[in-house]
Amino acid sequence: MFDSILVVCAGNICRSPTAEYVLKRKLVGKDIRVSSAGLTALEGKPADATAKQIAATYGINMDDHQGQQLTSGLVAQNSVILVMEQRHLIDLCTRYPEARGKTFLLGKWLGDKEVPDPYRQSLEAFEHVYALIDSACSAWQKYL
């Protein structure tokens, strides 16, 4: 069984923190640690204001989030790594070959759907991304 999940995107301020907090809510009561990081993280930065706003409308508070850079230590510490796009999967596994076999698209159970980056886009783009993330996290629940 999985005891830890790392969610990865590029900057670790929009998609991966949203997925981290959505998964945490969906996995309440299970002994699974969920965290997030970025391939090119904006280290120490809070979650994007629009991402926080959308999450808040669903009762999710992301105020405590601080961006962190993906490291070999984080790769080693987590039993599953979920990424937003195919290029993230390729980049991550190229940098950290030990991640092969435990790294998947967040949208794997939605037909390998990718989650586009809403950064600096409209409120509607963030709403669309939130809906995708929520659906993907729900699809993962039965496997975690």
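Here, the structure is the one placed above.
Rules of the game
- Residues numbered from 1 in each chain as written.
- Predicted model: local features only at pLDDT ≥ 70, side-chain atom pairs only at ≥ 80, totals over all residues.
- Heavy atoms only, no water.
- Pairing = 2+ DSSP bridges.
- Helix = DSSP H or I, 4+ residues; strand = E, 2+ residues; numbered from the N terminus.
- Axes fitted to C-alpha atoms, helices over the stretch in contact; angles between N-to-C directions.
- Buried < 20%, exposed > 50% of the residue type's maximum accessible area, 1.4 Å probe, protein only.
- Arc of directions from axis to C-beta.
- Contact = heavy atoms within 4.5 Å.
- Polar contact = N/O pair within 3.5 Å; in protein donor to acceptor, adjacent residues only side chain to side chain.

A few points about the sheet that holds strand β3 (residues 80-83)
Sheet architecture is open: 4 strands sit in the order β2-β1-β3-β4, paired in parallel fashion. Of all strands in the sheet, those bounded by a partner on one side alone are β2 (33-38) and β4 (103-105). Looking at each pair of strands side by side, their axes are set apart by 25° on average, direction ignored. For strand β1 (residues 4-9) and β2, the ladder comprises 6 bridges, and the chain directions are parallel.

Let's talk about helix α2 (residues 49-57)
Where α2 is concerned, the buried positions are Ala 51, Ile 54 and Ala 55. Seen along its axis, α2 keeps its buried residues to an arc of 100°; they face one direction. Within α2, the exposed residues directed more than 90 degrees away from the buried face are Ala 49 and Thr 57. Summarising the contacts, the buried residues of α2 are in contact with α1 (15-26) and α5 (123-141). N-capping of α2 is provided by Asp 48, with a side-chain oxygen placed 2.9 Å from the backbone N of Thr 50. Note on α2: the residue one or two positions beyond its end, Gly 59, has a positive phi of about 80°.

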